[in-house]
Every structure is written in structure tokens, then in C-alpha cells.
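Survey of secondary and tertiary structure
Listed below are the residues making up each chain.
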Amino acid sequence: AQSVSQHNHHVILSEAASLELGCNYSYGGTVNLFWYVQYPGQHLQLLLKYFSGDPLVKGIKGFEAEFIKSKFSFNLRKPSVQWSDTAEYFCAVNADSWGKLQFGAGTQVVVTP
Amino acid sequence: SQTIHQWPATLVQPVGSPLSLECTVEGTSNPNLYWYRQAAGRGLQLLFYSVGIGQISSEVPQNLSASRPQDRQFILSSKKLLLSDSGFYLCAWSSNPSEQYFGPGTRLTVT
């Protein structure tokens, strides 16, 4: 069955530490990949996306993600986190023309001052 | 600019009661519309999607139904709620088949 896996459910780190969240998917064929973020009390919002081209994509707030097709992965990174990066992060995959998204279970990230 | 609204924001309903959650989109026409549910500790699961008025596709068998009576209105319903229907319900829209924009969500607790 098609699935999206996020490796960590909870991550706690200090400000200025580097962050990497893993995401793997099991779809064959062409996929569109996304990272969404939900800050406390806010809407789910798009952090970055990959459709085609350069496999290293940059998003908002200093985040970036790398698509590695051979590993079916789309890991999210930020070199130096801030307290305001505390949020829940979701990886999502679209593999059809209807725009349907398959989400991972999410990773709760807590950044301590 | 486009905005998406959902109401109510929170809802507590007894088992066996009906449900109606509403989602409306402003600032765009003929959007694709989606209903997702997020259960505690789990990711978002797609429940329904719609590519036009009266066109509804269901992704999972369940106790819920969806309708799209107007171009920018998407309704999630149930005739009789179950305890397992509790969760956080999110509506989303897209004009591009891939990039979706999410509403604020409705927290439903079935008691």
C-alpha cells in the first residue's frame, strides 16, 4: 500500500541547533512532495514543495528539503532553529491528478530557549 | 486574496446525534475542495474531495458524507455520530491540482 513515513514523532532541541526531519514515501512513478507546518493555534500552512527540477528546494523561514529519488526520501532541514520553529511538521505526497494528498503522521518539534 | 472559513471551531455532540460542518472559500472560483480528519497522534487522512458542484468522491468507508451545494461551499455531514468520529476536521482548497490551502479546522468531540 502507498504510504508516507515520518521517522520521528517528537523532537526536542535547543535554539541554534540543526534540525533534520526524515520523510520516506512508497509511491512509484511521478510524485509531488510537500512539507506543511502547523504552528500552535494557527492554520496548517505550506512550508515548501517539490514538483520537478532542482532536488534541493528552499522554503519559508530558512527551511530547505532535498528530494532523493533513489531513496524515496524528502527530508526537511534547517541549519539553526529558533524558538519560533516550535510546531508540528507534516510531510505529504501527491501522486495523482486530483491533488489528493497522503500525509505522514507528523513530527512535533519543540525548540527550547 | 483567497480565504477559507470553517465553522464551528469546536463542537461537542452526543453519540447518535447528527453532524453538519461547513467550509466556504472566498476569492477563487471552481476550486477543488477536500475534507481531512486528523485523529490524535496520527497524520491527516483524506475523507472526501470534490472537483465541482455535486461531484463528491469518498476516499474511505465511513459514517460520514459530504456535499457541495455551491461552487465554494463544502459540507461534511453525518446522520448519527459515533465515538470514533471524534477528531480534528480540516477543509482545504486548491486551484492547482497539487498545492492545497487549509482552513482553521473544527475540533469535534463525540461523547
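Please refer to the structure placed before this passage.
Now for a quick tour of the structure. (Residues numbered from 1 in each chain as written. Chains lettered and ligands numbered in written order. Predicted model: local features only at pLDDT ≥ 70, side-chain atom pairs only at ≥ 80, totals over all residues. Heavy atoms only, no water.)

A few points about the overall build of chain B
Using the following cut-off: Every helix listed is a DSSP run of H or I at least four residues long, and every strand listed is a run of E at least two residues long, numbered separately from the N terminus. Each residue gets one of three labels from its accessible area relative to the maximum for its type: buried under 20%, exposed over 50%, partly exposed in between, using a 1.4 Å probe on protein chains only. Residue contacts follow a heavy-atom distance rule, with two residues in contact if any of their heavy atoms lie within 4.5 Å. To be clear on the numbers: accessible area is Shrake-Rupley with a 1.4 Å probe, and residue cover counts the displayed protein chains and nothing else.
Looking only at helices and strands, chain B has zero helices and 11 strands in total. Walking chain B from its N terminus toward its C terminus, one meets helices and strands in the order β-β-β-β-β-β-β-β-β-β-β. Each of the three principal axes of chain B carries a C-alpha extent, and together these read 35 × 25 × 20 Å. For chain B, buried positions account for 50% of its 111 residues. Taking the intrachain contacts of chain B between residues at least 6 apart in sequence as the baseline, contacts between residues at least 24 apart amount to 54%. Accessible area for chain B stands at about 5100 Å²; split by element, carbon and sulfur atoms hold 51% of it.

A look at the pairing of strand β4 (residues 32–38) of chain B
Residues and elements named next belong to chain B. The following threshold applies: In short, DSSP must find at least two bridges between two strands for them to pair.
The buried fraction of β4 amounts to seven of the seven residues, a majority that puts the element mostly inside the structure. Of the two faces of β4, the one carrying N32, Y34, Y36 and Q38 and the one carrying L33, W35 and R37 are both buried. In terms of strand pairing, β4 meets strand β9 (residues 87–94) through seven bridges, oriented antiparallel. If you follow N32 over to β9, its bridge partner there is S94. Where β4 lies against strand β5 (residues 44–52), six bridges are found, and the strand directions are antiparallel.

Details of the layout of surface pockets
Put simply, the test is: Every definition here rests on a 1 Å grid over the protein atoms only: cavities are sets of points where a 1.4 Å probe fits but cannot get out, pockets are open sets enclosed by protein on both sides within 12 Å along at least five of seven lines, and lining residues have some atom within 4 Å of a point. Grid points are joined across faces, edges and corners, and a volume is the space filled by probe spheres set on the points. Residues are sorted three ways: Asp, Glu, Lys and Arg are charged, Ala, Val, Leu, Ile, Met, Phe, Trp, Tyr, Cys and Pro are nonpolar, and all the rest, Gly among them, are polar.
Size it by volume and the largest pocket reaches roughly 400 Å³. As for the largest pocket, its lining consists of 21 residues, of which L101 and Q102 of chain A together with L44, Q45 and L46 of chain B are closest to the centre. Secondary structure elements with two or more residues in the lining of the largest pocket: β10 (87–94) and β11 (101–103) of chain A together with β5 of chain B. Of the residues that constitute the lining of the largest pocket, the class distribution is nine nonpolar, seven polar and five charged. Approximately 330 Å³ is the volume found for the second largest pocket. Lining the second largest pocket are 19 residues, and of these Q38, E88 and Q108 of chain A together with Q38 and R107 of chain B lie nearest its centre. Per-class residue counts for the lining of the second largest pocket are seven nonpolar, nine polar and three charged.

Description of the nonpolar core
Operational definition: As used here, the term nonpolar core means buried Ala, Val, Leu, Ile, Met, Phe, Trp, Tyr and Cys residues forming a set that is joined through side-chain atoms within 4.5 Å.
Ranked by internal contacts, the top residues of the largest apolar core, which has 29 residues, are W35, F74, L76 and Y89 of chain A. Of all hydrophobic cores here, the second largest spans 20 residues; its members include L21, C23, F74 and L108 of chain B.

Here we look at the environment of L33 of chain B
Residue and element names in this part refer to chain B. Residue placement: L33 occurs in strand β4. Exposure remark for L33: the relative accessible area of 0% places this residue in the buried category. Spatially, the C-alpha atoms of L33 and Q70 are 11 Å apart, while their sequence positions differ by 37 residues. Excluding its chain neighbours within four sequence positions, the residues that come into contact with L33 are V25, F48, Y49, S50, R68, D71, R72, Q73, F74, A92 and W93.

What to know about the environment of V51 of chain B
In this fold, V51 of chain B is placed in strand β5. Filtering out sequence-adjacent residues up to four positions away, V51 of chain B remains in contact with W98 of chain A together with N30, N32 and R68 of chain B.

Honestly, that's just the spatial picture; any functional story needs more than this.
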